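Observations on the three-dimensional arrangement
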Amino acid sequence: TPRSLLEAAAMGRAIITTDSVGCREAVDDDVTGLLIPIKDSDALTAAMLRLTAEPETRKRMGMAGREKMVNEFDERLVIQKIKKVYTKEQT
């Protein structure tokens, strides 16, 4: 998962990113941001224009993204998940 996406969401910013592995785990389409097809400049343009024209949508997505980061990507939660994987492998 790209760290830049996690940091943007943690700061309450709506995200536009590609619908690809890692990115789609950080963004819930039309909830915390917008997922667009890879190498689709028309979709990128449309997403940018939409978020520019819809400040309430940007705000709603930003708040939802912040909540997602706190609930799913908090450093303590990630460390617990990593420990669980390593503990499971050793048994």
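Structural data are supplied above this passage.
For the structure given in this document, a descriptive report is provided here. Source: prediction; values computed, not measured. (Residues numbered from 1 in each chain as written. Predicted model: local features only at pLDDT ≥ 70, side-chain atom pairs only at ≥ 80, totals over all residues. Heavy atoms only, no water.)

1. A few points about the packing of helix 3 (residues 41-53) against helix 4 (residues 55-72)
Under the convention used in this document: Axes here refer to lines fitted to C-alpha atoms; in helices the fit is confined to the stretch in contact. Angles between the N-to-C directions go from 0 to 180 degrees. Only runs of H or I of at least four residues qualify as helices and only runs of E of at least two qualify as strands under DSSP, and these elements are numbered from the N terminus. Should an angle lie under 35 degrees it is considered roughly parallel, over 145 roughly antiparallel, and from 65 to 115 roughly perpendicular; all remaining angles are considered oblique. Between two residues, a contact is recorded if the distance between any of their heavy atoms is within 4.5 Å. As a working rule, the residues Ala, Val, Leu, Ile, Met, Phe, Trp, Tyr, Cys and Pro are called nonpolar, Asp, Glu, Lys and Arg charged, and the rest polar, with Gly in that last group.
Where helix 3 meets helix 4, the closest approach of the two axes is 5 Å, and the angle between their N-to-C directions is 100 degrees. Taken together, the axes of helix 3 and helix 4 lie roughly perpendicular to each other. Every residue of helix 4 that contacts helix 3 at Arg-50, Leu-51, Thr-52 and Ala-53 is listed here: Pro-55, Thr-57, Arg-58, Arg-60 and Met-61. By residue class, the composition of the contact of helix 3 with helix 4 is 4 nonpolar, 2 polar and 3 charged.

2. Quick notes on helix 4
Applied cut-off: To estimate the expected span of a helix, count its residues, drop one, and scale the result by 1.5 Å. Note on classification: 1.4 Å probe, protein chains only; a residue is buried when its accessible area is under 20% of the maximum for its type, exposed when over 50%, partly exposed between these limits. By definition, the arc is the one covered by directions from the helix axis to the C-beta atoms.
With 18 residues, helix 4 should reach 26 Å at 1.5 Å per residue; the first-to-last C-alpha distance of 25 Å fits that figure. For helix 4, every residue scored as buried is listed here: Thr-57, Met-61, Gly-62, Gly-65, Lys-68 and Met-69. Projection of helix 4 onto a plane perpendicular to its axis shows the buried side chains occupying an angular sector of 130 degrees, all on one side. Exposed and facing more than 90 degrees away from the buried side of helix 4 are Glu-56, Lys-59, Met-63 and Glu-67. Looking at the packing, one finds that the buried side of helix 4 touches helix 1 (3-10), helix 2 (23-26), strand 2 (33-36) and helix 3.

3. What to know about the pairing of strand 1 (residues 15-18)
For a regular strand, side chains alternate in direction, first toward one face of the sheet and then toward the other. Selection criterion: What makes two strands pair is DSSP finding at least two bridges between them.
Along strand 1, the buried face is formed by Ile-15 and Thr-17; none of Ile-16 and Thr-18, which line the opposite face, is buried. When strand 1 meets strand 2, the two strands line up parallel, connected through 4 bridges. If you follow Thr-17 over to strand 2, its bridge partner there is Leu-35.

4. Quick word on the side chain of Thr-17
Along the chain, Thr-17 turns up in strand 1. The exposure class assigned to Thr-17 is buried, which follows from its relative accessible area of 10%. The residues contacting Thr-17, other than those within four sequence positions of it, are Leu-5, Cys-23, Val-27, Leu-34, Leu-35 and Ile-36.

5. What to know about the environment of Ala-14
Its location among the elements puts Ala-14 in the loop between helix 1 and strand 1. Counting along the chain gives 52 residues from Ala-14 to Arg-66, while the straight-line C-alpha distance between them is 9.2 Å. Apart from residues no more than four positions distant in its own chain, Ala-14 is found in contact with Thr-32, Leu-51, Arg-58, Met-61 and Gly-62.

6. Looking at the pattern of salt bridges
In plain terms, the rule: Any carboxyl oxygen of Asp or Glu within 4 Å of a side-chain nitrogen of Lys or Arg constitutes a salt bridge here.
One pass over the full model with this rule turns up 7 salt bridges. Arg-3 is paired through a salt bridge with Glu-7; the nearest N and O atoms lie 2.9 Å apart. Here the residue Arg-3 and the residue Glu-7 both occupy positions in helix 1, the gap between them amounting to 4 residues, near one helical turn. Under the relative-accessibility criterion, Arg-3 is labelled exposed at 62%. A salt bridge links Glu-72 to Lys-68, with the nearest nitrogen and oxygen atoms 3.0 Å apart. On the criterion of helical spacing, the pair formed by Glu-72 and Lys-68 is a turn pair, its members being 4 residues apart in helix 4. Linked through salt bridges whose partners overlap, the residues forming this network are Asp-28, Lys-68 and Glu-72.

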